[in-house]
Each structure stands twice: as C-alpha cells, then as structure tokens.
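A structural walkthrough
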Amino acid sequence: MDLRFDRSAARRHVAASLAELLGPAVRGEPLTHTDGKSGVRMERAVVDGHRYVLKYLHPTDDWIMRATGDVACRPVTLFRHGWLDRLPACIDHAVFGIAWDDRPDGRGAVLVMRDVGAWLLDEGDAEIPLERHRAFLDHMAQLHAVFWGTRDTIGLLTLDDRFGWFAPKLAEAERAWGGTDPVPTRLVPQGWARFAERASRAADVVFTLHDDPAPLVAALAETPQTLVHGDWKAGNLGVDPDGRTILLDWAVTGVGPACADVAHYVCLNRARLPESKEATLQAYRAALERHGIDTSPWWDRQCALALLGILLLFGWEKALGDGDDAAAELAWWQDRALEGAEELRNV
C-alpha cells in the first residue's frame, strides 16, 4: 500500500481576510449558478483585470455542510494541507486562494477561484461529446491513481458518512435547524416516499442501510481506497484551454473507494452520457488499468457496493421522475442495489 501521502506536506497560507488576499478594493457582484444546490452565496469580482469567483463557505448558508457535519470547511482543509497541490496535472481545481470570513456565530471562509465559467459545461441536458466524456473518465482515473492507497490524516469526509447524508432523516434535521431550502426539506422526503412505492424490490435494502450503514462501510473498507472527489456532476466540470478537466466543488471529498466517483458520475449525469452506464464503468476501469492499477482482484465487488451506496444517496432523486425513461432508470438502479446487497451477503 502506498502511504506516501501520510507524510506532512507544505501547508498553504489562508489569508486573514479577503482584503489581504485580493486587496481592499475588492467588490463582489452576486452570481447565480442553477446547477448549484447547496444555497451558498457566490459572487464575481474583477481585481486588476483578473476575474474571480468568490464562494462563501459557512454552515449557516450551506445545508450540505450541515448535513455532512463539515465544521472545518473541507476545501479549506484540502488547501491548507497541500492536497490540492498533489492533484495530477490533468485536473484544474481553479482555486486561487482562501481567506477566513469571520462571523459572530463562527468562522467561515471565502474560497477564491479563477473565473472559469466560460469553460464549464453548458447547463442543461445536452449530451457530453464522447471524446470529452472519455477524457473525464481518464482524468478521474489519474486522480485516483495518484492518491492510490492513501489514508485520511487531515479530517475529510469519512467513509462512514459518505453514503448516509441524504437519508430520510435529513429533512427532519434541517427543519429542526430552521432550514428552508426545498431540496432537503421538501424534495428529499417526497422522493424517499415515492421510492418506497416505486422501488419496492430495493426499498428494504436501502432503508435498512440508512438505519445502519456499518455492513456497507465495512465491506467497502476491505477494498482499495483513494482520494474521492465526491461530486463528479456536469455542473462541476469543464475543460480549460490546455485541455485539463476543470473539477470544482470539493465539499464532500474524502478517502474512499474509487468506484464511488464513477458511480456518482453515471448517476447524476445520466441524461448527458454519450454511452451506456455499463460502457462508462468499463471505460473508467480501462483507464485505471492504463494508469497502473490492477483492478482484477477487487473491481466487481467494489463497483457493486459503490453503486448500492450511491442509491442510498440519490434513490430519492431517481424516484421523483415520471415517464418510461424515468421508470427504466429506477429499475436499473434497483437491479444494482440488489446486486450490491448480494455482495454484502457474500462476506
């Protein structure tokens, strides 16, 4: 096992304020991005002719931070400990710097990114060109290969928490906190109620693991681990002028099974895939092999378990759709959940 990333790395400085990082004259203009779901405040700023996007990280604003127990701002943690610097050259994280953002109810941060909006994938459901899709998978594999066998020594999203935070209890927790975002408070409970009706073959498996994910966590922990970005959706992806993959939003990053990332990719980008989910999974596996990872001892088991894990997160979303295409999609995921459950029984 490669544990080279356990060693201390050069720490990056977090500015005491936005003024220290960009100068006292910085003024942000509100920025909306419809693919974003967390509710965070974002702004666009121009300083000395350079364009930046400012993302304010604070659990008061961001229900995903609350849901995943992120009290330290994971992007800050990755930046401070130099892990973003370890990414392969094919990945452009776009982070220029980070500044602390003090508030009376606790310390947040401002993530300052180069404005790469012109190079992000267009919003909507347009199919991703096959060549670009395959490049995304290759770059995902390179990221995983670089961090293969690493351990989390800095406090990122744990494997225990990776697949549980979209469970039905999310709505109750958000309402108790006073949250009003429609995703956790309305859509998630509606979706899980429909899931129980429309996905009855998988419902017992999914809801049982929501109550006690330990068997899934233990089974996945026995397979190889790497750095998992956690949100390879089209809204976070682009291509910079050098052909690198722009990969934004490191809020749910942690050490976990590599297949969690490709499972997430086929789940949330379903309408935009230029090839089948099965072909996408195999293309990613082939990319791992090209980058020196022997997948034969563990692939089938980890892939089946990761696909089950992703349904623990997004089964609610799959159940909300109507029509024949949505029914076929939900049926595909039900089958994958049952295959994952069979792997759990084969311990």
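The coordinates are above.
As the structure is a prediction and not an experimental result, all values here were calculated from the model.

1. Observations regarding the packing of helix 6 (residues 169–177) against helix 7 (residues 182–198)
Helix 7 packs onto helix 6 with a crossing angle of 155° between their chain directions and a minimal axis gap of 8 Å. Comparing their axes, helix 7 and helix 6 come out roughly antiparallel. When you trace helix 6 past helix 7, the crossing you get is left-handed. Residues Leu-170, Ala-171, Glu-174 and Arg-175 of helix 6 lie in contact with helix 7, whose contacting residues are Pro-184, Thr-185, Val-188 and Pro-189. Broken down by class, the residue content of the contact of helix 6 with helix 7 amounts to five nonpolar, one polar and two charged.

2. Quick look at the sheet that holds strand 9 (residues 245–247)
As summarised here, the arrangement of the three strands in space is 4-9-8, forming an open sheet in which the pairing is mixed. This sheet does not close on itself; its edge strands, each paired only once, are strand 4 (91–92) and strand 8 (237–239). Here strand 8 pairs with strand 9 via three bridges, running antiparallel. Within strand 9, the residue paired with Gly-238 across the bridge is Ile-246. With respect to the sheet, helix 4 (residues 130–146) is in contact with strand 4, strand 8 and strand 9, its orientation differing from that of strand 9 by roughly 65°.

3. Quick notes on the packing of aromatic side chains
Inspection of every chain in the model, using the stated rule, returns 14 aromatic pairs. Residues Trp-63 and Trp-165 carry aromatic rings whose centres are separated by 6.4 Å and whose planes lie at 50° to one another, so their mutual orientation is tilted. Pair noted here: Trp-63 is in helix 2 (residues 63–67) and Trp-165 is in the loop between helix 5 (159–162) and helix 6, with a separation of 102 residues, a long-range link. Of the two residues examined, Trp-63 and Trp-165, each falls in the buried class. Residues Phe-166 and Trp-316 carry aromatic rings whose centres are separated by 5.3 Å and whose planes lie at 40° to one another, so their mutual orientation is tilted. With Phe-166 in the loop between helix 5 and helix 6 and Trp-316 in helix 12 (residues 299–320), the pair connects residues that are 150 residues apart, well separated along the chain. A residue is classified by how much of its surface remains accessible, and Trp-316, at 7% relative accessible area, is buried. Among the aromatic residues, ring-to-ring pairing joins Trp-63, Trp-165, Phe-166, Phe-314 and Trp-316 into one connected group. Geometry around Tyr-56 places Arg-41 over its ring, the cationic atom sitting 3.8 Å from the centre.

So, how was this worked out
Residues numbered from 1 in each chain as written. Predicted model: local features only at pLDDT ≥ 70, side-chain atom pairs only at ≥ 80, totals over all residues. Heavy atoms only, no water. Axes fitted to C-alpha atoms, helices over the stretch in contact; angles between N-to-C directions. Helix = DSSP H or I, 4+ residues; strand = E, 2+ residues; numbered from the N terminus. Parallel < 35°, antiparallel > 145°, perpendicular 65-115°, else oblique. Left-handed = near helix turned anticlockwise from the far one by under 90°. Contact = heavy atoms within 4.5 Å. Nonpolar A, V, L, I, M, F, W, Y, C, P; charged D, E, K, R; others polar. Pairing = 2+ DSSP bridges. Phe/Tyr/Trp six-rings, centres within 6.5 Å; stacked < 30°, edge-to-face > 60°. Buried < 20%, exposed > 50% of the residue type's maximum accessible area, 1.4 Å probe, protein only. Lys NZ or Arg CZ within 6 Å of the ring centre and 35° of its normal.

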